[in-house]
Amino acid sequence: MNTQPADAYPTVVVIGELGGQRPPGLGGISDRVLLRYVDSGPELESALPEAEIALLWDFRSRLLGGSFHSAKALRWVHVAGAGVDALLTDEFAASDVVITNARGVFDRSMAETVAAMMLMFAKDMLTTIHLQTREKWLHRETEMLADQTAVVVGAGGIGRAVNKTLRSLGVDVIGVATVERPDPDFGLLRSIDQLNALLPDADFVVVILPLTELTRGLFGAEQFMLMKPTARFINVGRGELVDEDALVTALRSSEIAGAALDVFRTEPLPPGHPLWGMPNVIVSPHMSADFHGWLEALSGQFVDNLERWLTGEPLLNVVDKTRGYVPGIPERRNP
Ligand code: OXD
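Note that the coordinates shown come from a computational prediction; the quantities given were computed from them, not determined experimentally.

Cut-offs applied
- Residues numbered from 1 in each chain as written.
- Predicted model: local features only at pLDDT ≥ 70, side-chain atom pairs only at ≥ 80, totals over all residues.
- Heavy atoms only, no water.
- Pairing = 2+ DSSP bridges.
- Helix = DSSP H or I, 4+ residues; strand = E, 2+ residues; numbered from the N terminus.
- Axes fitted to C-alpha atoms, helices over the stretch in contact; angles between N-to-C directions.
- Contact = heavy atoms within 4.5 Å.
- Expected span 1.5 Å × (residues − 1).
- Buried < 20%, exposed > 50% of the residue type's maximum accessible area, 1.4 Å probe, protein only.
- Near = heavy atom within 4 Å.
- Polar contact = N/O pair within 3.5 Å; in protein donor to acceptor, adjacent residues only side chain to side chain.
- Areas by Shrake-Rupley, 256 points an atom, 1.4 Å probe, with all protein chains shown as cover.
- Nonpolar A, V, L, I, M, F, W, Y, C, P; charged D, E, K, R; others polar.
- Right-handed = clockwise from strand over helix to strand, strands pointing away.

Undergrad: Explain the sheet that holds strand β12 (residues 258-261) to me, and be specific about the residues and the numbers.
TA: As summarised here, the arrangement of the eight strands in space is β8-β9-β7-β6-β10-β11-β12-β13, forming an open sheet in which the pairing is mixed. In this open sheet, the two strands that pair with only one neighbour each are β8 (181-183) and β13 (281-283). Strand-to-strand twist across the sheet, computed as the mean angle between neighbouring axes with direction ignored, equals 20 degrees. Summarising the sheet, strand β6 (residues 149-153) and strand β7 (residues 172-177) pair through five bridges and their orientation is parallel. Note that in β7 the partner of Val-153 across the bridge is Val-176. Across the sheet, helix α6 (residues 157-168) is in contact with β6, β7, β8 and β9 (187-191); its angle to β6 comes to roughly 170 degrees.

Undergrad: Account for helix α4 (residues 107-122), with residues named and values stated.
TA: Look at α4: 23 Å from first C-alpha to last across 16 residues, which is about the 22 Å you get at 1.5 Å a residue. Listing the buried residues of α4 in full gives Asp-107, Ser-109, Met-110, Ala-111, Val-114, Ala-115, Met-117, Met-118, Phe-121 and Ala-122. At the C-terminal side of α4, Asp-124 shows a positive phi close to 55 degrees.

Undergrad: For unusual backbone geometry, give the residues involved together with the corresponding values.
TA: Here Glu-267 and Pro-268 are connected by a cis peptide whose omega angle stands at -5 degrees. Even without a glycine there, the phi angle at Asp-124 is positive, about 55 degrees. Among the structural elements, Asp-124 can be located in the loop between α4 and α5 (125-133). A relative accessible area of 25% means that Asp-124 is categorised as partly exposed.

Undergrad: I'd like a rundown of the sheet that holds strand β4 (residues 76-79), residues and numbers included.
TA: Sheet architecture is open: five strands sit in the order β2-β1-β3-β4-β5, paired in parallel fashion. Each edge of the open sheet carries a strand with a single partner, namely β2 (34-38) and β5 (98-100). When strand polarity is set aside, the average angle formed by the axes of neighbouring strands in this sheet is 20 degrees. With four bridges connecting them, strand β3 (residues 51-56) and β4 associate as parallel partners. Note that in β4 the partner of Leu-55 across the bridge is His-78. Contacting β1 (11-15), β3, β4 and β5, helix α10 (residues 294-310) crosses the sheet at an angle of about 160 degrees to β4.

Undergrad: Let's hear about the site of the ligand: which residues, and what values?
TA: The environment of the ligand is formed by Phe-59, Gly-81, Ala-82, Gly-83, Phe-106, Arg-238 and His-286. Ala-82 places a main-chain nitrogen or oxygen 2.6 Å from an oxygen atom of the ligand. Within the contact set of the ligand, an oxygen atom lies 2.7 Å away from a side-chain nitrogen or oxygen of Arg-238. Compared with its free state, where it exposes 210 Å², the ligand has 92% of that area covered by protein. Grouping the amino acids of the shell around the ligand by side-chain chemistry returns three nonpolar, three polar and one charged.

Undergrad: Describe the side chain of Thr-212, with residues and values.
TA: Locating Thr-212 in the fold gives a position in the loop between β10 (204-207) and α8 (221-226). Assessed through its relative accessible area of 12%, Thr-212 is described here as buried. The contacts of Thr-212, once residues within four sequence positions are left out, are Leu-88, Arg-323 and Gly-324.

Undergrad: So what's going on with the pairing of β10? Which residues, and what values?
TA: Residues of β10 alternate between two faces, with Phe-204 and Val-206 on one and Val-205 and Val-207 on the opposite face, all of them buried. The pairing of β6 with β10 spans four bridges and is parallel. The residue bridging Val-153 from the neighbouring strand is Val-207, located in β10. Bridge analysis of β10 against strand β11 (residues 232-235) gives four bridges, and the strand direction is parallel. By the bridge assignment for β11, Val-205 is matched with Phe-233. For the crossover from β10 across α8 to β11, the handedness is right-handed.

Given below as structure tokens:
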């Protein structure tokens, strides 16, 4: 039982909902922190001056970035997501507010989603499902995924899990990171400067990058033109990494053979958007990471870090605010 007066507890402002829910299981910390749940700008503005900690539960919410001037007592923000782009403002970067993220929670789930998308294409499942809706039995031959080449752009925990899963399916993986270097998982990681030179070799291009000023718009007309006409483009990072108009043009003109997209510049993807109607495109509603139990896993990860904060231990998953991600090779959490 905590005997501190309640007004001495740190205030944690919890921003937004995920999957239509508040973070589950925070009851266990309510005797050590004051929890303030907010969903709107005015609610945040009223709670923020007292808040030492913010949990950006809705990792897409721009509310905190927009209210930074009121964050007089703020010292730590935990983002319940992998991408922290909602907080990559100059004010945050210049401040000493620490940002942590959900590194590790999504690795395996996203790797499974990427593998599923690639198998859908290789095994021509889109056609099979389409024919089934018309009660049509049509025998076909399909591709083997084994021995195809995937260029995996992004070598954090998720990229590493993708690499491992694809290798187990016999795929040749070329990993791309900021700088070229030998790597225990990828063998040799190639640098982002070499991307254009690598694209012509790719049967699949898999994008798992954080959104920063360096990565915004990385894939445009030039990159699609460099890819094989048989190549498929997979994006599970952020929609803004891609020039969507250029992608639609590349798909329409058969410069590339298909795309599987979990993220879009505007979400939900607006009705009537050309990507909805393309037979060679998989439109997935930003759910590549979201396994049964993800909310509990995200909430539990925050509580573990909060325990560290309260006992003065160093926080885990501290984001480099200029780079937009947690640097270093993640611990090997996956068997
Ligand atoms: C994230 C996501 O966690 O897009 O960043 O799901």
